[in-house]
Structures are given as structure tokens and as C-alpha cells.
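Understanding the architecture of this molecule
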Amino acid sequence: MYRDEATREQVNRLIAQQQRLIRAWRQPDFDREAHYAERLGKTVRSALELESYRELLGSEGAASVDALLSRGADYRELLAALPILAKREYRAISGEASRSRRHRMLNYFETSGTTGEPLPAPKGLHDLVVNTVNFGEHWAEFLSGGDTALILINTPQGPAAFQFEHALNYLGIATFRTWVDTVRNDYGRVIRIAGFLRPTVFAGPPSQLINLYEYAAANGLEAPAFRKVLLTGERSSPALKRRLRQLTGGAVYDASYGSSETGTTAVAVSEDALRLQTHSYIFEIEERDGRIRFVTGDGPVEGELIVTALENDLRPLIRYRTGDLVRIEPREEGVLDITPLGRLGHALDLPGVGLDQDEFEELVWPEDGDSRIFNYFIAVCPDKVYFVFTGDYDNEAQAERHLRHLREAIPGVAFCMVPKLPDIAGLGSTLGWKAARVHDLRKPADPSYPANIRQAMEQLRQFMETLRSQEAAV
């Protein structure tokens, strides 16, 4: 809602325009080439207004790009003439855009900053409206106005909770946003509010949902049930989603895929499909042999995702290297689905073991097993590997019987069931799976982490020292 009538009219035009685009995109007579050429040209012109981007191109490069724009070059030729951006280059461009285009900014957000200084991620009216419509038009496949949603996204500096709220309201769904002050703080208030509002939808990272159910079990509280679970903020393995279906009783969706930098590059249309927003982005893949190719839908491709945003003229993002491994598969004309495969280098590197997140969590929550683990972390100590977990088990012996296959997969592992894990195990949405749950304590903590993460790492070390002392005493 806006007081200014002209702004209201602009928003309504943007909504109608994006709805028409999404609905026309699959039609065989829609000219996608012309769409990409027009949108990319506008995006590149916006980027060239920024001194930091022209400096990145250099004087000759900038002149070459100007010439390509003047003669209306094919969008592939134009894009191939532009550099691929790493986080360092993006920082300079986004920072300048945030300063010089403040008058066009509607909301200011930042990235989490867990791997360095936070990056600006401001939002303008145009990209907020477009992103909301992209969400809503795809979520409408499985959500309806009769639902009520609990949004539990414990990162107020990022845009996710704000954007989810707008997208759900766009569909006529009542929402309430809540969070806990720290990862392992009291979830009692969240459970109490859910008790009388009876939400049917959960939206948030799996680590927060796990923490909620773990808290309810530990304190004898009735945990809420949900018909739909919208996961975001961290990668969820098929086994983890299966476990969340058991806990919630509902259907579990990877709600969206993207980041504060890129915006929302894919949106769920079902439990099994994340739909790439090909009308709002151009996607490239760097394959394992280093070759970079456009994602055209000719067949499945796999590699690191490179993103160009077509709807964000406030903060241009062109050929941004995400660091994410993905698999992209065509479904039908103009329709591509994406499967995130994790961050580069996120294999489980334990002595004698090479597993990725999916493979490991299949052992933690096996399809044909009776695992009642809530959460876990792995600590590699000088003498052995520890698998430390919380669970709804009567005793540790019962848990070990259910996890015999895990012991066989990781020979020599020490199983330890504890009443409560250190805070860092619940930071999956902030740090990612590996950094939150896999810790090589033979090495010093990464000095690039901010103070709060280093503090959590120190807490983990003290926790393990106590655990090992108790083990030795027994």
C-alpha cells in the first residue's frame, strides 16, 4: 500500500506485467531471444553508469561493450564480452550502487557476513514487486488463501523473512514472523503462539524447525503440526526432508533457491521441483572441465552456477559466480528445474571417509530405519571421530542399535548422545551444513569468521573437552 497514487499505479502495472510474462513464457510463439536482448541491454547500461563496473572492464573493454550495445549485438555475444564477477568485484559494484542510488532504494539489506564483511543487498521497488510475483505465481501451485504461515527465519539483516511475508500475503495467506534471539534460545514462546494461531504452513530453515521440535520434546510441550513446510536458507538433503515430514506430518518443499546477492533464482512448484526463473535471469554453468556454457534447456547440465539478473537495475548483477554446484534439467519448452548439490568443497572430509551431505544424512535418517535423531555434529579429534547427537531415544543403547549402519560406514566413530548440542550445530542457515556440523578440532578456528562464530567455535571446543574428559573417566 502506498499513499502516493502514482506509485500505486506503478506497482499495479509491474504486477500485471510480471504476471503476463510468467504466463506467456511457456508459449511457443513467445520471443525469448528478444526478451533477453532487451532486458540484458538495460541491465548492462545500468552497470556501465557505475564507475566501479567501468573500471573493471577497463577503457578498451568498456568501449567494446558500448559498441556491442550500439549495434544491438546478440545477447550471448554481449554477455560473453563481460567479465565473470567474484565476491570482491561484486562488493565494489554493490557498494557504489547503494551509495549513488539511495533515492531509488526501498529497503536496505545485507548478506550475513559469516565469511567476511557483510555485503550490501539493497532492494528497489521494481525488483521487490517482481520477486514477490515470481514467488506467488509459482507457490500458487500448492498454497491457497486458507492457510496461515509461521515464518521463523532468524536472520533479520537479510531479505528472506521480509520477502516470504510479502509473497505469502500476495496469495492471501495470513502470516506471523517470529524468531529467537539466539540459536538455542527459548522456543517456548514460538510454540505458545503456534498453539493458538494453529498455523498450517512453516517457512524457515530446517535447522530452526529441528530446534523447535527438539525443544518441544525436551520440555514436554506439544509441537505444532504443519500441512506445508517451506524450507529456505540452507541446503536440505532428501533424508533430512524425510525426517521433517515425520516430525511435522506435512509436505516438505525446498521453497526457493538463491541468495541475498542474486535474489531468488528458483521457486518451488511442488515437493520435487524447484523451477528456475528463466524469465528473470540468464544462467550459465561452469562445468568440471572449466568450460562455461549457457543454460539453454537442450539437455541436463551440471557444474558451478553463474547468474545474471535481468530485473535489478538498482544493483546490477552480471555473470556472478555463486560458488554453488547445481544440476539443471529441462522439463518442457521454456521450463528448467534445478537441484542444488552443495557448495564447492563441501564434501565430508573425515579420516578414511568421503561422503557428501546427501550420503551422510541417508545414514543418519535412513529410509527403512527408525532414526529419531533431532540434530548432530561431527568432531574430528586427534585420536578419533565423534558423532554427537540429540534424539528422542529412551537411552543411548537404543540409539546405537538404530545407527549400526552409520558405525559401519565410519569405522571407529564414537557415538555420544547428549541432552543439548553446542550453539554452532544449529547455525546451518548461517554457516551452511559443513561449517555448522563438521568440525576438525585438530586445526585452529578459521580467523576469518566474525567474533560471534569464533565464540561458538570456542564453545564447541570446550564442550568436546568436557565430553572427552567424562568419557575418559568412565
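Residues numbered from 1 in each chain as written. Predicted model: local features only at pLDDT ≥ 70, side-chain atom pairs only at ≥ 80, totals over all residues. Heavy atoms only, no water.

- An unreviewed UniProt entry lists the protein under the name Coenzyme F390 synthetase, from Thermobacillus composti.

**Quick look at the packing of aromatic side chains**
- By the definition in use, this model includes 21 aromatic pairs.
- Aromatic side chains Tyr 36 and Tyr 75 sit 5.1 Å apart centroid to centroid with 50° between the ring planes, which places their arrangement in the tilted category. With Tyr 36 in helix 2 (residues 32–48) and Tyr 75 in helix 4 (residues 75–80), this residue pair connects regions lying 39 residues apart in the sequence.
- Plain terms: the ring middles of Trp 139 and Phe 164 are 5.2 Å apart, the flat faces sit at 85° to each other, and that makes the pair edge-to-face. Placement of Trp 139 in helix 6 (residues 125–139) and of Phe 164 in helix 7 (residues 160–170) is noted, with a sequence separation of 25 residues between them. Assigned by exposure class, Trp 139 and Phe 164 land together as buried.
- Through pairs of rings, three or more aromatic residues link up here, namely Phe 360, Trp 365, Tyr 376, Phe 387, Phe 389, Tyr 393 and Phe 415.
- Just above the ring of Trp 25 sits the side chain of Arg 32; from NZ or CZ to the centre is 5.5 Å. (Phe/Tyr/Trp six-rings, centres within 6.5 Å; stacked < 30°, edge-to-face > 60°. Helix = DSSP H or I, 4+ residues; strand = E, 2+ residues; numbered from the N terminus. Buried < 20%, exposed > 50% of the residue type's maximum accessible area, 1.4 Å probe, protein only. Lys NZ or Arg CZ within 6 Å of the ring centre and 35° of its normal.)

**Digging into the domain arrangement of the protein**
- Domain annotation of the protein identifies domain 1 (83–343) and domain 2 (355–470).
- Computed over C-alpha atoms only, the centres of domain 1 and domain 2 are separated by 26 Å.
- Across the boundary between the two partners, domain 1 contributes 27 residues, which contact 26 residues of domain 2.
- When domain 1 packs against domain 2, the two sides together hide about 2200 Å² of surface, and 51% of this comes from carbon and sulfur.
- One can count two salt bridges joining domain 1 with domain 2. (Domains from an automatic or database assignment. Contact = heavy atoms within 4.5 Å. Buried area = accessible area lost by both parts, 1.4 Å probe. Salt bridge = Lys/Arg side-chain N within 4 Å of Asp/Glu carboxyl O.)

**Here we look at the packing of helix 6 against helix 7**
- Closest axis-to-axis distance for the helix 6/helix 7 pair is 8 Å, and the angle between their directions is 55°. When the axis of helix 6 is compared with that of helix 7, the two are oblique. The way helix 6 lies across helix 7 gives a crossing that is right-handed. Along its contact with helix 6, which presents Leu 128, Asn 131, Thr 132, Val 133, Phe 135, Gly 136, Glu 137 and Trp 139, the element helix 7 presents Phe 162, Gln 163, Phe 164, His 166, Ala 167, Leu 168 and Tyr 170.
- For the contact of helix 6 with helix 7, a count of residues per class yields nine nonpolar, five polar and one charged. (Axes fitted to C-alpha atoms, helices over the stretch in contact; angles between N-to-C directions. Parallel < 35°, antiparallel > 145°, perpendicular 65-115°, else oblique. Left-handed = near helix turned anticlockwise from the far one by under 90°. Nonpolar A, V, L, I, M, F, W, Y, C, P; charged D, E, K, R; others polar.)

**Side note on the sheet that holds strand 18 (residues 373–380)**
- Sheet architecture is open: four strands sit in the order 20-19-18-21, paired in mixed fashion. Pairing within the sheet leaves two strands with one partner each, and these edge strands are strand 20 (414–417) and strand 21 (438–440). Ignoring which end each strand starts from, the neighbouring axes of this sheet average 20° apart.
- In terms of strand pairing, strand 19 (residues 385–391) meets strand 20 through four bridges, oriented parallel. The residue bridging Val 388 from the neighbouring strand is Cys 416, located in strand 20.
- Each of strand 18 and strand 19 is contacted by helix 9 (residues 206–218), which is oriented at about 110° to strand 18, the strand it contacts most. (Pairing = 2+ DSSP bridges.)

**Considerations on the environment of Glu 165**
- Among the structural elements, Glu 165 can be located in helix 7.
- With relative accessibility at 18%, the residue Glu 165 sits in the buried group.
- Among all residues touching Glu 165, those that are not within four sequence positions of it are Ile 151, Thr 175 and Arg 177.
- Here the side chain of Glu 165 touches Arg 177 through a polar contact of 3.0 Å, side chain to side chain. (Polar contact = N/O pair within 3.5 Å; in protein donor to acceptor, adjacent residues only side chain to side chain.)

**Observations concerning the sheet that holds strand 6 (residues 228–231)**
- Read from one edge of the open sheet, five strands run 4-3-5-6-7, paired in parallel fashion. Only two strands of the sheet have a single neighbouring strand rather than two, namely strand 4 (174–178) and strand 7 (251–254). With direction set aside, neighbouring strand axes in the sheet form an average angle of 20°.
- In this structure, strand 5 (residues 201–204) lies alongside strand 6, joined through four bridges in parallel fashion. Counterpart to Phe 202 in the pairing with strand 6 is Val 229.

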